[in-house]
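Close look at the chain arrangement
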Amino acid sequence: MSHPPSLHRRLALIDMGTNTFHLLIVELPEARHAQPVTLLRTKVGVRLGEGGISKGQIAPEPYARALHTLAGFKEEMELHQVTDVRATATSAMRVTSNGPELVKDIFEQTGIQVEVIAGDREAELICAGVRRAVPLGAEKHLIMDIGGGSVEFIVADESQIFWKQSFEIGAQRLLDKFFPDPSGVFPPEAVAAEKAYFQQVLAPLAAAVAEFRPVGLVGASGSFDSLADMHLGRLRAEADLPPSTDLPLESFRRSQQQLLSLLHEQRKALPGILPMRADMLVVAVVLIDYVLELTGITHLRTSAYALKEGLLAEMLAS
């Protein structure tokens, strides 16, 4: 039985991160300024950086997972009669020697044209996405997105970006560098080494914080969604996430303490933890703790919206 043709524009937004591939399908209404209707919001843990990103390549298994995931996304797009597609890829495909080959294979196998974007552009889109989820108001906030390959920091209010920078220090890279045996406890000397590393590479962030003095921290997607899930004590599906969640500082401290003192199998068993994040969250909380110490910020919020919602915001504005 064939479906009647859709009268509306249906848009698929694909964000191919180093850890997770996201797919958002929306229907754009005819009337200007009306809100798009979400038809599907899903994600797949592809771990594209696993076993290779620190060596500058995408390993064979993650490469195959990426192609398999995009084939699945293609099926969903056909099912939902998508008329327009925007697909972006970030750190893992930006810095690896075989990233361009994967872009080519994806196009040949699915017809999806992937745009590999620079870190600066990634930060811009994340900010646009966060603004759809969190009313920043006139006060400056620090927005932070911890990916598997890179971490983006943006100082912004509701209308202006004051400073932004992307750093190639994502959670997969930090795992490779500081946590060679993620089955165990993350020792205090590894925490100290990771923080010393941040002090060195995040000097531009320290300067921006001193200049702009942000009042709150907004963490976009990924690790921050997991910390919010730990706070709530349950794993929420992508479709169930509200645009933003308050994350009390004491809840973050509790999660931090648990993550740093447990073995891999115990971390995996914590309520609200996605198994693939059980190790990455360990190095991520050390980074968040470093940022909290640097800024003196005590108010944390998470944003379920990030890059793909930023792409949508741009398209709606054009």
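Residues numbered from 1 in each chain as written. Predicted model: local features only at pLDDT ≥ 70, side-chain atom pairs only at ≥ 80, totals over all residues. Heavy atoms only, no water.

As named in an unreviewed UniProt entry, the protein is Phosphatase, taken from Hymenobacter canadensis.

Within a beta sheet, neighbouring strands are joined by backbone hydrogen bonds and run either parallel or antiparallel to one another. As summarised here, the arrangement of the 6 strands in space is 8-7-6-9-11-10, forming an open sheet in which the pairing is mixed. One side of each edge strand has no neighbouring strand; the edge strands of this open sheet are strand 8 (161–167) and strand 10 (244–247). Going from strand to strand, the sheet's axes swing by 20° on average, the running direction of each strand aside. Pairing of strand 7 (residues 151–156) with strand 8 involves 6 bridges; the strand directions are antiparallel. Each residue of the ladder has a partner; that of Val 151, found in strand 8, is Phe 167. (Pairing = 2+ DSSP bridges. Helix = DSSP H or I, 4+ residues; strand = E, 2+ residues; numbered from the N terminus. Axes fitted to C-alpha atoms, helices over the stretch in contact; angles between N-to-C directions.)

The next subject is the packing of helix 8 (residues 222–232) against helix 9 (residues 249–261). Each pair of packed helices gets described by two things: the angle between the helix axes and the distance between those axes. Interaxial distance between helix 8 and helix 9 falls to 10 Å at its minimum, and their mutual angle equals 100°. Judged by the angle between their axes, helix 8 and helix 9 are roughly perpendicular. Where helix 8 approaches helix 9, its residues Leu 227, Met 230 and His 231 are matched on the opposing element by Ser 251, Phe 252, Ser 255, Gln 258 and Leu 259. In the contact of helix 8 with helix 9, the residues fall into 4 nonpolar, 4 polar and no charged. (Parallel < 35°, antiparallel > 145°, perpendicular 65-115°, else oblique. Contact = heavy atoms within 4.5 Å. Nonpolar A, V, L, I, M, F, W, Y, C, P; charged D, E, K, R; others polar.)

What follows covers the sheet that holds strand 3 (residues 37–45). One open sheet accounts for 5 strands, arranged 3-2-1-4-5; its pairing is mixed. Each of the sheet's edge strands pairs with one partner strand only, and the pair in question is strand 3 and strand 5 (114–116). Adjacent strand axes in the sheet meet at a mean angle of 15° when their direction is disregarded. In terms of strand pairing, strand 1 (residues 9–16) meets strand 2 (residues 20–28) through 8 bridges, oriented antiparallel. Bridge pairing links Leu 11 to Val 26 in strand 2. Each of strand 1, strand 2, strand 3 and strand 4 (84–89) touches helix 12 (residues 307–317); the most contacted strand, strand 1, lies at about 145° to it.

Within the secondary structure layout, His 141 lies in strand 6 (residues 141–146). Separated by 3.0 Å, the side chain of His 141 and the backbone oxygen of Glu 139 make a polar contact. Leave out the neighbours within four places in its chain, and His 141 touches Leu 136, Ile 154, Val 155, Ala 156, Pro 214, Val 215, Gly 216 and Val 218. (Polar contact = N/O pair within 3.5 Å; in protein donor to acceptor, adjacent residues only side chain to side chain.)

Residues Phe 153 and Phe 186 are the most contacted members of the largest nonpolar core, which totals 50 residues. Here this core takes 12 residues from helix 11 (residues 280–295), the largest share from any one element. Contact partners of Phe 186, with chain neighbours within four places excluded, come to Phe 178, Phe 179, Val 191, Glu 194, Leu 260, Val 282, Val 283 and Val 286. With 27 residues, the next largest nonpolar core counts Ala 66, Met 77, Val 82 and Met 93 among its residues. (Core = buried A, V, L, I, M, F, W, Y, C linked by side-chain atoms within 4.5 Å. Buried < 20%, exposed > 50% of the residue type's maximum accessible area, 1.4 Å probe, protein only.)

This paragraph deals with the pairing of strand 6. The element strand 6 is extensively covered by neighbouring structure, given that 6 of its 6 residues are classed as buried. The side-chain alternation of strand 6 yields two buried faces, one formed by His 141, Ile 143 and Asp 145 and the other by Leu 142, Met 144 and Ile 146. Bridge count between strand 6 and strand 7: 6 bridges; the pairing is antiparallel. Along strand 7, the bridge assignment pairs His 141 with Ala 156. Count of turn residues in the strand 6/strand 7 antiparallel hairpin: 4 residues. Direction of pairing for strand 6 relative to strand 9 (residues 216–220): parallel, over a ladder of 4 bridges. Of the residues in strand 9, the one forming a bridge with His 141 is Gly 216.

Between its first and last C-alpha, helix 11 extends 23 Å over 16 residues, near the 22 Å set by a 1.5 Å rise per residue. Burial within helix 11 is extensive, with 14 of its 16 residues counted as buried. Phi for Gly 296, located one or two positions after helix 11, is positive at around 75°. (Expected span 1.5 Å × (residues − 1).)

Put simply, the protein has an average pLDDT of 92, and 97% of its residues get 70 or more. When pLDDT is averaged over each element of the protein, helix 7 (residues 203–212) comes out on top at 98 and helix 2 (residues 91–95) at the bottom at 85. (pLDDT = per-residue confidence, 0-100.)

Interaxial distance between helix 6 (residues 188–201) and helix 11 falls to 10 Å at its minimum, and their mutual angle equals 55°. In terms of orientation, helix 6 and helix 11 fall into the oblique class. When the axes of helix 6 and helix 11 are compared, the crossing they make is right-handed. In this structure, helix 6 contributes Val 191, Glu 194, Lys 195, Phe 198 and Gln 199 to the contact, and helix 11 contributes Val 283, Val 286, Leu 287, Asp 289, Tyr 290 and Glu 293. (Left-handed = near helix turned anticlockwise from the far one by under 90°.)

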